[in-house]
Amino acid sequence: MKTTRRSISLLSLLLAVLAPLMQCKEAYVSPYAPPATGWLVVEGYITGNSPVSYTLSRVAKLAADTTRIYELNAAVQIEGNDNSIYTLTGQGNGLYVSAGLLPLDPSAKYRLRITTASGRKYLSDYAPYKITPPIDSINWVENGNGVTICANAHDDAGTTRYYEWSYDETWEYHSAEDSKYVYAEDSVAPTVLPRDSSNQVYTCWHNGSSTNILLTTTDKLSRDLVYEFPLRQIPLNSVPLSVLYSILVRQYALTDSGYNFLNLMKKNSESLGTIFDAQPSELTGNIHCLTDPTEPVIGFVSAGTMQQQRVFVSRSDIPVWNYSYKCQFLDTLVIPTDYQTYFGTGGGYTPVEGKTSGLGYSGYYSNQSYCVNCILQGGTTDKPTFWPN
Amino acid sequence: MKYFHILLMSTAWLLLPGRRALAQQTGEQPLVSVDFDHINRDSLLRELERQTGYRFYYDTADFDSTRVDIHATQEPLAKVLNQVFSGTGIRWSIDRQHHVFITKGEAIAGLPPDFFDKRDTGKDRLAAADTLSDYPEEPDRQQPALLENKLYTIGEKNSGSPQGMANIAGYLREDKTGEPVVGASIYIENPRIGVFSDQYGYYSISLPKGRHILNIQSIGMRDTRRLLMINGDGKMNIDLHGQVLALKKVIVSAEKASNIKRTDMGVQKIDIKTIKQVPVVFGEADVLRVVMMLPGVKTVGDASTGLNVRGGSADQNLVLFNDATIYNTAHFFGMFSAFNPEVVKDVELYKSSIPAQYGGRLSSVLDISSREGNKKDITGSAGIGLLTSRLNIEGPIVKDKTSFILGGRTTYANWLLNLLPDQYRNSRASFYDLNLNISYEIDKKNNLFITGYLSQDRFNLNNDTTYSYGNRNASLKWKHIFSNKFFSVLSTGYDRYQYKISSSMNPVDAYKMGFDINQLYFRANFNYFLSAAHTLQFGLSTLHYKLHPGYYQPGDKGSLVTPVVLQSEQALESALYLSDKYSIGAAFSLEGGIRYSLFNELGPAQVNNYAPGLPVTEDNLVSTTAYGSGKTIKTYGGPEYRISARYLLTDNLSVKAGYNTQRQYIHMISNTTAMAPTDIWKLSDPNIRPQYGDQVSLGLYRNFKANTIETSVEVYYKHIQDFLDYKSGAVLVLNPHIETDLIETQGKAYGVELLIKKLTGKFNGWFSYTWSRTLLRQDDPNAGELINNGNYYPANYDKPNDATFVGNYRVSHRFSVSLNTTYSTGRPITLPIGVYWFAGSERTLYADRNTYRIPDYFRTDLSMNIEGNHLVHQRTHNSWTLGVYNLTGRKNPYSVYYVSENGVVNGYKLSIFGSAIPFVNFNIRF
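Residues numbered from 1 in each chain as written. Chains lettered and ligands numbered in written order. Predicted model: local features only at pLDDT ≥ 70, side-chain atom pairs only at ≥ 80, totals over all residues. Heavy atoms only, no water.

### Observations regarding the overall build of chain B
Threshold: Labels follow the DSSP assignment, with helices taken as runs of H or I lasting at least four residues and strands as runs of E lasting at least two, numbered in each case from the N terminus. The buried label applies to any residue whose accessible area, calculated with a 1.4 Å probe on protein chains only, is under 20% of its type's maximum; exposed applies above 50%, and partly exposed to all values in between. We call two residues in contact when some of their heavy atoms are within 4.5 Å. The Shrake-Rupley method, run with a 1.4 Å probe, gives the accessible areas here. Residue values count only the displayed protein chains as cover.
Within chain B, the secondary structure is distributed over eight helices and 58 strands. Split into buried and exposed, the 926 residues of chain B put 60% on the buried side. Summarising the internal contacts of chain B: among those between residues at least 6 apart in sequence, 67% fall at separations of at least 24. Carbon together with sulfur atoms contributes 57% to the accessible area of chain B, which is approximately 34900 Å² in total.

### Points about the pairing of strand 56 (residues 893-901) of chain B
Residues and elements named next belong to chain B. Formally: Any two strands with at least two DSSP bridges between them are considered paired.
With eight of nine residues buried, strand 56 lies mostly within the body of the structure. Pairing of strand 56 with strand 57 (residues 904-911) involves eight bridges; the strand directions are antiparallel. Considered in strand 57, the bridge of Pro893 is made with Ser911. With antiparallel pairing between neighbouring strands as the criterion, strand 56 and strand 57 make up a hairpin whose turn holds two residues, including Asn902 at a positive phi of roughly 50°.

### Regarding the pairing of strand 8 (residues 165-174) of chain B
Residue and element names in this part refer to chain B. Within strand 8, nine of the ten residues are buried, leaving the element largely enclosed by the surrounding structure. Sheet topology places strand 8 next to strand 11 (residues 202-208); seven bridges connect them, and they run antiparallel. Within the sheet, the bridge partner assigned to Tyr171 lies in strand 11 and is Tyr202. By the bridge criterion, two bridges tie strand 8 to strand 14 (residues 234-235) in an arrangement that is parallel. In the sheet register, Ile168 faces strand 14, and the bridge partner there is Gly234. Pairing geometry for strand 8 and strand 15 (residues 238-240), over three bridges, is parallel. Considered in strand 15, the bridge of Glu174 is made with Leu240.

### A few points about a positive patch on the surface
Rules: Grouping into patches uses exposed residues only, defined as over 30% relative accessible area, and leaves out salt-bridged ones; the cut-off is 9 Å for like charges and 5 Å for nonpolar side chains (Val, Leu, Ile, Met, Phe, Trp, Tyr). Salt bridge criterion: a side-chain nitrogen from Lys or Arg within 4 Å of a carboxyl oxygen from Asp or Glu. Here Asp and Glu are counted as negative and Lys and Arg as positive; His is not counted, and neither are the chain ends. A charged residue contributes its charge at one atom only: NZ of Lys, CZ of Arg, CG of Asp or CD of Glu.
A cluster of basic residues, B:Arg67, B:Lys235, B:Lys401, B:Lys444 and B:Lys445, forms a positive patch on the protein surface. Accessibility expressed as a relative area gives 52% for B:Lys444, which makes it exposed.

### Digging into the confidence of the model for chain A
The following threshold applies: As a per-residue quantity, pLDDT reports the predictor's confidence and falls between 0 and 100.
Confidence in the prediction for chain A averages 86 pLDDT; 89% of positions are at 70 or higher. Throughout residues 1-21 of chain A the model reports pLDDT below 50, and contacts reaching past four residues in sequence, or to other chains, amount to 77 contacts.

### As for the state of the cysteines
All names here are of chain A. Rules: The rule for a disulfide is simple: a pair of cysteine sulfur atoms within 2.5 Å.
What the rule picks out here adds up to two disulfides over all chains. One disulfide bridge connects Cys204 with Cys374, the sulfur atoms lying 1.8 Å from each other. Measuring the twist about the S-S bond at about 70°, one finds the Cys204-Cys374 disulfide to be right-handed. Placement of the pair is Cys204 in strand 16 (residues 203-209) and Cys374 in the segment after helix 4 (369-372), with a sequence separation of 170 residues. The pair formed by Cys204 and Cys374 is uniform in burial state, with each residue classed as buried. Two residues, Cys327 and Cys371, share a disulfide whose sulfurs are 1.8 Å apart. The chirality of the disulfide connecting Cys327 with Cys371 is left-handed, given an S-S dihedral of about -90°. A residue pair is termed long-range when its members are at least 10 positions apart, and Cys327 in the loop between strand 23 (306-314) and strand 24 (332-334) and Cys371 in helix 4 qualify at 44 residues. Across this residue pair, the class does not change: Cys327 and Cys371 are buried. In chain A, the cysteines engaged in disulfides, taken in order along the sequence, are linked 1-4, 2-3.

### Examining the sheet that holds strand 13 (residues 224-230) of chain B
Residues and elements named next belong to chain B. Here is the rule we go by: In this analysis, axes come from line fits to C-alpha atoms, helices being fitted only over the stretch in contact, and the angle between any two N-to-C directions falls in the range 0 to 180 degrees.
The strand order 7-13-12-9-10 describes an open sheet built from five strands, whose pairing is mixed. The open sheet has two free edges, formed respectively by strand 7 (151-154) and strand 10 (193-196), since each of these has just one partner strand. When the angles between neighbouring strand axes are averaged without regard to direction, this sheet yields 25°. Relative to strand 10, strand 9 (residues 185-188) runs antiparallel, the two being bridged by four bridges. When the bridges of strand 10 are listed, Ile186 appears paired with Val195.

### Here's the deal with the pattern of salt bridges
Residues and elements named next belong to chain B. Summed over the entire model, instances satisfying the criterion amount to 43 salt bridges over all chains. Note that Glu75 and Lys79 form a salt bridge whose closest N and O atoms lie 3.0 Å from each other. Residue Lys276 pairs with Glu342 through a salt bridge whose shortest N-O separation is 3.6 Å. Pair noted here: Lys276 is in helix 6 (residues 272-277) and Glu342 is in the loop between strand 22 (336-337) and strand 23 (344-350), with a separation of 66 residues, a long-range link. Among the residues examined, Lys276 registers a relative accessible area of 36% and is labelled partly exposed. Put simply, Arg262, Asp264, Lys269, Asp346 and Glu348 are held in one network by salt bridges that share partners.

### Brief notes about the packing of aromatic side chains
Residue and element names in this part refer to chain A. To keep things clear, this is the line we draw: The pairing test for Phe, Tyr and Trp rings, Trp by its six-membered ring, is centres within 6.5 Å, and the orientation test on the planes gives stacked under 30 degrees, edge-to-face over 60, and tilted for anything in between.
On inspection of all chains with the given rule, the structure shows 45 aromatic pairs over all chains. A centroid spacing of 6.1 Å and a plane angle of 70° characterise the contact between Tyr110 and Tyr129, whose relative ring orientation is edge-to-face. With Tyr110 in strand 8 (residues 109-115) and Tyr129 in strand 10 (residues 127-130), the pair connects residues that are 19 residues apart, well separated along the chain. Tyr110 gets classed as buried once you look at its relative accessible area, which sits at 0%.

### Description of helix 2 (residues 77-85) of chain B
All names here are of chain B. Our working definition: The directions considered for the arc are those from the helix axis to the C-beta atoms.
Here helix 2 has its buried residues at Leu77, Ala78, Val80, Leu81, Val84 and Phe85. In an axial view of helix 2, the angular spread of the buried residues amounts to 160°, which keeps them on one side of the axis. Those residues of helix 2 hidden inside the fold are in contact with strand 2 (31-40), helix 1 (41-52), strand 3 (55-57), strand 4 (67-76), strand 5 (90-94) and strand 6 (99-104).

### Some thoughts on unusual backbone geometry
In this structure, B:Pro604 follows B:Gly603 across a cis peptide bond, with omega equal to 5°. Turning to its location among the elements, B:Pro604 is positioned in the loop between strand 36 (588-602) and strand 37 (605-610). A positive phi is found at A:Asn83, a non-glycine position, where the angle reads about 70°. Its place among the elements puts A:Asn83 in the loop between strand 5 (75-80) and strand 6 (85-90). The exposure class assigned to A:Asn83 is exposed, which follows from its relative accessible area of 72%. For B:Asp722, which is not glycine, the phi torsion reads 60° and is therefore positive.

### Looking at the sheet that holds strand 20 (residues 324-325) of chain B
Residues and elements named next belong to chain B. Taken in spatial order, the five strands of this open sheet run 16-23-24-19-20, and their pairing is mixed. What marks the edges here is a single partner per strand, and that holds for strand 16 (267-271) and strand 20. Pairing between strand 19 (residues 317-321) and strand 20: two bridges, direction antiparallel. If you follow Phe321 over to strand 20, its bridge partner there is Ala324.

### Here we look at helix 1 of chain B
Each α-helix turn comprises 3.6 residues. Residues three or four places apart therefore point the same way. All names here are of chain B. This is how the line gets drawn: Take the residue count of a helix, subtract one, and multiply by 1.5 Å to get its expected span.
For helix 1, spanning twelve residues, the distance from its first C-alpha to its last is 16 Å, which sits close to the expected 16 Å at 1.5 Å a residue. Within helix 1, the full set of buried residues consists of Arg41, Asp42, Leu44, Leu45, Glu47, Leu48, Glu49 and Thr52. Buried residues in helix 1 make contact with strand 2, strand 3, strand 4, helix 2 and strand 6. Positive phi appears at Gly53, one or two residues downstream of helix 1, with a value of about 75°.

### Digging into the environment of B:Ala783
Note that B:Ala783 resides in the loop between strand 46 (763-777) and strand 47 (793-794). Distance from B:Ala783 to B:Ala61, taken between C-alpha atoms, is 70 Å for residues 722 residues apart in sequence.

### Topic: a nonpolar patch on the surface
All names here are of chain B. On the surface, a nonpolar cluster with roughly 850 Å² of combined accessible area is contributed by Tyr647, Leu649, Leu698, Leu700, Val713, Val715, Val752, Leu754, Ile756, Phe767 and Trp771. Residue assignment for the nonpolar patch shows that the elements contributing at least two residues are strand 39 (632-650), strand 43 (691-704), strand 44 (709-726), strand 45 (742-758) and strand 46. With respect to the helices and strands, the residue Leu649 is situated in strand 39. Taking the relative accessible area as the measure of exposure, Leu649 reaches 47% and is therefore partly exposed.

### Describing the side chain of B:Glu714
Residue and element names in this part refer to chain B. Which entries qualify depends on this criterion: We call two N or O atoms a polar contact when they sit within 3.5 Å, provided that within protein one can donate a hydrogen and the other can accept it, with sequence-adjacent residues counted only if both atoms are side-chain atoms.
Note on placement: Glu714 falls in strand 44. Here Glu714 falls in the buried class, since its relative accessible area comes to 6%. At 3.1 Å, the side chain of Glu714 and the backbone nitrogen of Gly266 are in polar contact. Among the polar contacts listed, one links the side chain of Glu714 to the side chain of Tyr701, at a separation of 2.5 Å. Apart from the residues within four sequence positions on either side, Glu714 is in contact with Met265, Gly266, Arg310, Leu698, Gly699, Tyr701, Gly751, Val752 and Glu753.

### A word on the packing of helix 1 of chain B against helix 2 of chain B
Any two packed helices are characterised by the angle at which their axes cross and by the distance between the axes. Residue and element names in this part refer to chain B. Heads up, the rule is: Each angle gets one of four labels, with under 35 degrees taken as roughly parallel, over 145 as roughly antiparallel, 65 to 115 as roughly perpendicular, and the rest as oblique. Any residue that is not Ala, Val, Leu, Ile, Met, Phe, Trp, Tyr, Cys, Pro, Asp, Glu, Lys or Arg is counted as polar, Gly included; the first ten are nonpolar and the last four charged.
Running from amino to carboxyl end, helix 1 crosses helix 2 at an angle of 175°, the nearest separation of the two axes being 12 Å. Between helix 1 and helix 2, the interaxial angle falls into the category roughly antiparallel. Seen from helix 1, the contacting residues are Arg41, Leu44, Leu45, Leu48 and Thr52; seen from helix 2, they are Leu77, Val80, Leu81, Val84 and Phe85. Across the contact of helix 1 with helix 2, the residue classes tally to eight nonpolar, one polar and one charged.

As structure tokens, then:
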């Protein structure tokens, strides 16, 4: 039996409540030299309704600037207990993907076999193929802290019980000001030209993915019903809902041991670390190293159908959402002799509007590039295909 | 002892023109009828008073303890009085106002001028004490001297042989409040014979017949003595006078050296006065925080009241509050301890020589006793702090017979929560506790004590999840004295601890869950002072447990939560014990005890059976067996040995050794670092064995400067078997097969403790240093997983170096400064050994437990106690306590942890009190 997701951790949270008065949290840099590990990390989900993809990487040393170490050139296979075998092919960056949808049998069990380029062999336990019920709805709830995106699902057969979600999110956002001009970097004759629409930097889309492990169980409920499971908390008046927000939620059914594995991983890495939290502990999955049985492997192979749903939330859907730009408007007039200084590399300014005086533009009202160029806030000007209008 | 039977007291009596009265007057006297065997004179005189309507004036100190047989029918009063006092040297006289004066030696016609002055007029003296110097001797020079120089004759002069031993027993009481004086030393110099008063202030001493000077010394009390002429067994109650303040006078005393003379070792006692001097956070005197400053006692951090005594876990301490077991000793996230300082009298910690009457926990017994209440006057006190307030009232119900003390404490911490950011503003936290003690002296041989304790904590977060927990305890204790040498204490009571959690955040998951533990106990303890060399203690106890390990139920109507109620657990824990304190000559004494404890787990229950020889996992569950109600499921038991010996090398140097074994049948199940309010307790069952521990210890004790400085060094080595630890990812709440998530580990703990203590004088306090290790091991591959490859790993509270200084300097009677400083090695933690990427985020990987340490701990606290003036005749006395907790503002890490936030791993160091925290407290006594 599992603890409910909210019971104990809230106690920790209450301690965090007292934080401003008593607690004091500082960054900590371990004085200890981390040991070398390099154990294999396996992440993915065996499913028949989208291409199967697995990512292989290695445990890295704990340091300020850790870079992800991918496991390349491994042979990765999915094996069914019905003697079916499907091969995943490497796509670079540790990613191994099946050729299209796999014709998996819901009554079969599947496992993962890996042989690394160095010849070490790994094999997982068989995982039953679970049927994931559809997502009933993705809704949002407004509360004092912002907007929470929630998932709802149920299984009348009552066989799902353990749910996991992940999501991709996209939001449209705008610069504080719409720049109609672009600076042409030219050392001989620096000039400012009208910006064409393909080069716009006013509207951007930010793409992101879930970074938390999202899972719950209904094993304490009389019905297999998930009601408003919080997936994503959007802080009050923040940028994701400044124009239009979209989330694509994927839902997976897990076995109880698969759930326990992820739940322990979540506790070990996402808990608040306050005084009443459980201490971190060892994580054991269902993948084994055949070459050296004592070598730990991080990962748990689960199989089943995958369900997904996309929803949009517009700023106008929310009664009050006071997103404000941290920018002042048109505060700087840049005259031609200063173009290179202001608009050139390192200048930090982008022209917004021209100032006309008789013969032509005598200068440009400009603003800090951060306020004008939405790309600088981490997004892209490439409009996603699924984006409306 | 000075008991004045005066129904009407008026100072006019001192001026009585009573000279005309006739001694031994026989005139118009009432006739009385008495028929008593073996009555004491005091009771007889009262009976005569009742019959005659005359007023009798006498001092019981003038009578010895012998009893008389008297039979008279319609005889004149004079004849009866003559009969009563024949051969005692006591004279009597009756005046015309029908006052009967009974005096030693000369018969008087009225009261002697100093008769009332003989009474201890402590209040007047107190008034004079409001100066820097030691208080003047003048006002009380004569009175105690009178008592001290008076010869008390005990036993009939001509009864039995003048050789041999006689036994004297009685109570020591504080003269002003009538409360018992505990732990006082009662001794004669030659031959050196001494005893200590027990927790009721009772003592019993066997002395050779003849003339002796009986010395009585107790910390905080003025030393006194009695001249005794011992002819036979007798009773002697002695009132001691409280010492106001000892500034310049250094009390030089040989017998205060109880640490040298006591046989037991590893025992520390602190009285509430000392506790109140020690600065603590928020300024509220805190019993447990002071205990943590003793050598060999550690805690995991600032916000924990869980004690780790000599390498034991927090659940291995038996915390007794007036015989009631307190399961959760914390209020308010561990910031406060559950004991109201206004009610507590003293605290005694047994960490090595645990008396045979106690059992059931491995590491220590923390015996917290509360005061009995003032037997003379209604008094009270109140205190106001930043977060809590307390009030207590005490006084007689029947003067000198029955007293009560009622104390309460509450918090108003919500203002603190209101200062928080918006999203937390609806959070609430509160606690209260209530104490009621009634002490009733039925007669000289029977005392009854009734105690009740109630504590409750409640907090919720944004009106969502509400947590509450509390202790409830009630006990009844009867002390009966059979004879000078033999008394019994019978006690019975009920203890309960419970917690509840409820949440209604999500209507579908809204739930209520809870846990409780109930115990009903009966204990009988007997003390038999066999001879000067032997003191026997024996008794039995039985304890019935009923635990509800958890329920989980729908919180609201719309909730879909399936109710889950784990089966209750019940058991009987019984014990028989016998111990003997044996003095072999003056230098050597031995205390040996044996306790046989027996634990029966009782039905109804379904017990899981696992395949033998295989790890206890769900996969290896082969069957379940159902047991009916009251059926014994499993019996554990065995002897426990408690042995200690002392050898006196010189008058102020002794060496002691001890060995003791313990068994523990109830375990706290928790995998958090600190004791959390949601920790549950579990009884031993067929799958969970009792914990077993044994300890050897050796100590050297030396006192300096006329026993004003005590020093000691103790070393110990301890083995722990079947201590519970947890498998990785263990689920401890509402787990119907919790044994599959637990592992039994073996532990060892060893260390050296050094203590230097100065308890008297302007400057007092102690310094302690401990070096110790606590290591655990799980190396049985069949038990499930190996922890740290089966090697020893440090326990969470393994902090090898620990040094503490606690000091108080009394600048004047009204102003004192306290300082404490503590340093310890950082506790062990589990740090990640690497990072990996999973589910969109960088994450930490953990392997071996407790292989790293958090930075060392250092803290200094300062407080100032300012008393109002000491004039006695004012309505209230008040005092202020001001101070700063964590004076240096050091950010002592409570924990170090890593957390994945927005896809990356960040490391943090968390301090509970990250800055200097000032506090102020106002106390008032009335």
